[in-house]
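Residues per chain are reported as follows:
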Amino acid sequence: MLRSIFAISLALAASSAVAEPHSPATIGPASGGKPGVTTGPQKPKQLLLISFDGAHDNRLWQRSRAIAKRANAHFTYFLSCTTLIPRERAGSYKAPGKKAGRSNIGFAPTVADVTARLDNVWNAHLEGHEIASHTCGHFDGKDWSRQDWLTEMATFDRVLANAWKDNGLTDREPAEWADFVGNNIIGFRAPYLSAPKSLYEAERDHGFRYDASPVTRDPLLPTLEGSVTRFGLPLIPEGPKQRRIVAMDYNLFIRHSAGMDHPSKAAEFEARSYDAFRAAFDKQYEGDRVPLQIGLHFVEMNGGAYWAAMERLVGEVCHKPDVACVTYAEALDLLQKQSGRNPATSSF
């Protein structure tokens, strides 16, 4: 599966269309400051959004949940639903325009593997993390029609809703599982960050509240298009020459080692990545406090350098009283509340 994820990863995100800048806005007060002392308008809390694409490796589920607990953070997991289908039932999945049983990221090796993943999904939900959709088979939908996207979205919902039963685990299904699937999957990120107009039409019709597929030149406030809010992964300066790069682990992996794993250089790559993450965070924290987004995968590339950089960052900043390390869903609610605007009719 690792080879598949490397092969299909978001290296091509660097070639994705970059959204136009959107002016930051003060979205409300944050905790902090001395009581009784007037120091001018208080800044909003700095929001930090950490997300994971794929969400397959159970060991990394455990690790990420432990990181979050120590750091006082909530994460968003963009789940690929073929990880809930064991290889023996691969034929039950058919993507638009593909043969049955095809998936760019494979399938779960065993029912036991699916069971552990379902336990992680449910426990993460109970811990305040967010589960969102990354479709099922991780295909590039740049040429998909609105109906193709809707078909894949419906398949995701069906696979997730029936995951316990379909894997012979009906007796273990949480009582609130159906409500969780029906009401808590509100966000979407497209594989390869490939987001044609047909995707946004489908997201609107499917009822998603937000999309996290765009790429933006800088950290920007999300924008509202119809009923769907669009969050963009930013390009951030990195390395000795401070060249911009998508704030995502695979893009760093490609830049640092051309997609070839070099665990012996993990410390060097971790330091570069941490410096880039921290500088991007500090710029917003000390400035207008636009939310910062950082994306990772459930793969420890270059000896886990990028996970280590993320873990160091969240460990340092998420306990600050004027910082909130939140899910996309939480960020959306906070921004709407702090802006005082109607999310159905206006942007932030």
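Rules used in this analysis
Residue numbers restart at each chain and count upward from 1, following the sequence in its written direction. Reporting of local features is limited, given that this is a predicted model, to residues whose pLDDT is at least 70; pairs of side-chain atoms are given and counted only at 80 or more, and all residues count toward the totals for whole chains, interfaces and linings. Processing note: side-chain calculations cover all non-hydrogen atoms of the structure and skip hydrogens and water entirely. Residue burial is assigned from relative accessible area. The probe radius is 1.4 Å, only protein chains are included, and a residue is buried under 20% of its type maximum, exposed over 50%, and partly exposed in between. Secondary structure elements follow DSSP: runs of H or I of four or more residues count as helices, runs of E of two or more count as strands, with numbering from the N terminus. Each pair of strands is called paired provided DSSP finds at least two bridges between the two strands. Looking at any residue, its pLDDT shows the predictor's confidence there, from 0 to 100. Contacts between residues were defined by any pair of non-hydrogen atoms, one from each residue, lying within 4.5 Å. The term salt bridge refers to a pairing of a side-chain nitrogen on Lys or Arg with a carboxyl oxygen on Asp or Glu at a separation within 4 Å. Counting rule for disulfides: a pair of cysteine sulfur atoms within 2.5 Å. Fitted lines through C-alpha atoms serve as axes, helices being fitted only where they are in contact, and the angles separating the N-to-C directions of these axes extend from 0 to 180 degrees. The labels follow the angle: roughly parallel below 35 degrees, roughly antiparallel above 145, roughly perpendicular from 65 to 115, and oblique for the rest. Two helices that cross are described as forming a left-handed crossing if the nearer one is turned anticlockwise from the farther one by less than a right angle, and a right-handed crossing if clockwise. Three categories are distinguished: nonpolar for Ala, Val, Leu, Ile, Met, Phe, Trp, Tyr, Cys and Pro, charged for Asp, Glu, Lys and Arg, and polar for the others, with Gly belonging to the last. For this analysis, a nonpolar core means a set of buried residues of the types Ala, Val, Leu, Ile, Met, Phe, Trp, Tyr and Cys, connected via side-chain atoms within 4.5 Å. Planes of paired rings set the category: under 30 degrees apart is stacked, over 60 is edge-to-face and the rest tilted, where pairs are Phe, Tyr or Trp rings (Trp by its six-membered ring) whose centres lie within 6.5 Å. For a lysine, the NZ atom is tested; for an arginine, the CZ atom; a charge sits over a ring if that atom is within 6 Å of the ring centre and within 35 degrees of the ring normal. In protein, a polar contact means a hydrogen-donor-capable atom and an acceptor-capable atom, both N or O and within 3.5 Å, with residues adjacent in sequence counting only if both atoms are side-chain atoms; elsewhere, any N or O pair within 3.5 Å suffices.

Moving on to the pairing of strand 4 (residues 130-133). Remark: a regular strand shows side chains that alternate across the two faces of the sheet. Of the two faces of strand 4, the one holding Glu130 and Ala132 and the one holding Ile131 and Ser133 are both buried throughout. The sheet contact formed by strand 3 (residues 76-79) and strand 4 spans four bridges and is parallel. Across the sheet, residue phenylalanine 78 finds its bridge partner in strand 4, namely alanine 132.

Moving on, we get to the confidence of the model for the protein chain. When the pLDDT values of the protein chain are averaged, the result is 89; 86% of them are 70 or greater. Scored below 50 in pLDDT, residues 1-39 shows 84 contacts in the model against residues more than four places distant or in partner chains.

Pairing between side chains of opposite charge can happen when their charged atoms approach one another. Counting across every chain of the model gives 21 salt bridges. In this structure, glutamate 311 and arginine 63 form a salt bridge, with 3.2 Å as the shortest nitrogen-oxygen distance. Of this pair, glutamate 311 sits in helix 10 (residues 305-317) while arginine 63 sits in helix 2 (residues 58-71); the two residues are 248 residues apart in sequence, bridging distant segments of the chain. Of the charged contacts, one joins arginine 65 and glutamate 127 as a salt bridge, the two residues approaching to 2.6 Å between their closest N and O atoms. With arginine 65 in helix 2 and glutamate 127 in the loop between helix 3 (111-126) and strand 4, this pair connects stretches of sequence that are 62 residues apart. Residue arginine 65 is classed as buried on the basis of its relative accessible area, which comes to 14%. Residues joined by salt bridges that share partners form a network here, namely Arg59, Arg63, Arg70, Glu300 and Glu311.

Taken as a whole and assessed by the stated rule, the structure comprises two disulfides. Here cysteine 81 is linked by a disulfide to cysteine 136, with a sulfur-sulfur distance of 1.9 Å. What sets the handedness of the cysteine 81 and cysteine 136 disulfide is the S-S torsion sign, and at about 100 degrees it is right-handed. Residue cysteine 81 is located in the loop between strand 3 and helix 3, and its partner cysteine 136 is located in the loop between strand 4 and helix 4 (146-161); the two are separated by 55 residues in the primary sequence. According to the relative accessible area criterion, cysteine 81 is buried, its value standing at 0%. Shown here is the disulfide that connects cysteine 318 with cysteine 325, its sulfur atoms set 1.9 Å apart. What sets the handedness of the cysteine 318 and cysteine 325 disulfide is the S-S torsion sign, and at about -90 degrees it is left-handed.

With that settled, the discussion passes to the packing of helix 3 against helix 6 (residues 177-184). Two elements in contact, helix 3 and helix 6, have axes separated by 12 Å at closest approach and are oriented at 70 degrees. Relative to helix 6, the element helix 3 is oriented roughly perpendicular. Note that helix 3 runs across helix 6; the crossing there is left-handed. Mapping the contact onto sequence places Leu118, Val121, Trp122 and His125 in helix 3 and Trp177, Phe180 and Asn184 in helix 6. Here the residues of the contact of helix 3 with helix 6 sort into five nonpolar, two polar and no charged.

Core analysis: the biggest nonpolar cluster contains 78 residues, and Leu48, Ile50, Phe52, Phe75, Tyr77, Trp177 and Met310 have the highest contact counts within it. Each residue touching leucine 48, except ones within four places of it in the same chain, is listed here: Leu292, Ile294, Leu313, Val314, Val317, Cys318, Ala324, Cys325 and Val326.

Attention now goes to the packing of aromatic side chains. Across all of its chains, the model carries 22 aromatic pairs by this definition. Judged by centre distance (5.5 Å) and plane angle (15 degrees), the ring pair of phenylalanine 281 and tyrosine 285 falls under stacked. You can see phenylalanine 281 and its partner tyrosine 285 sitting in helix 9 (residues 266-285), four residues apart, about one turn around the helix. Tyrosine 285 carries the same exposure label as phenylalanine 281, and that label is buried. An aromatic cluster of three or more residues is present, and its members are Phe52, Trp61, Phe75, Tyr77, Phe298 and Trp307. Sitting over the face of the ring of tyrosine 274, arginine 312 holds its NZ or CZ atom 3.6 Å from the ring centroid.

Looking now at the environment of serine 198. Positionally, serine 198 belongs in helix 7 (residues 197-206). Residues serine 198 and tryptophan 144, spaced 54 residues apart in sequence, show a C-alpha to C-alpha distance of 7.1 Å. Excluding its chain neighbours within four sequence positions, the residues that come into contact with serine 198 are Trp144, Ser145, Arg146 and Trp149. Among the polar contacts made by the side chain of serine 198, one reaches the side chain of tryptophan 149 at a distance of 3.4 Å.

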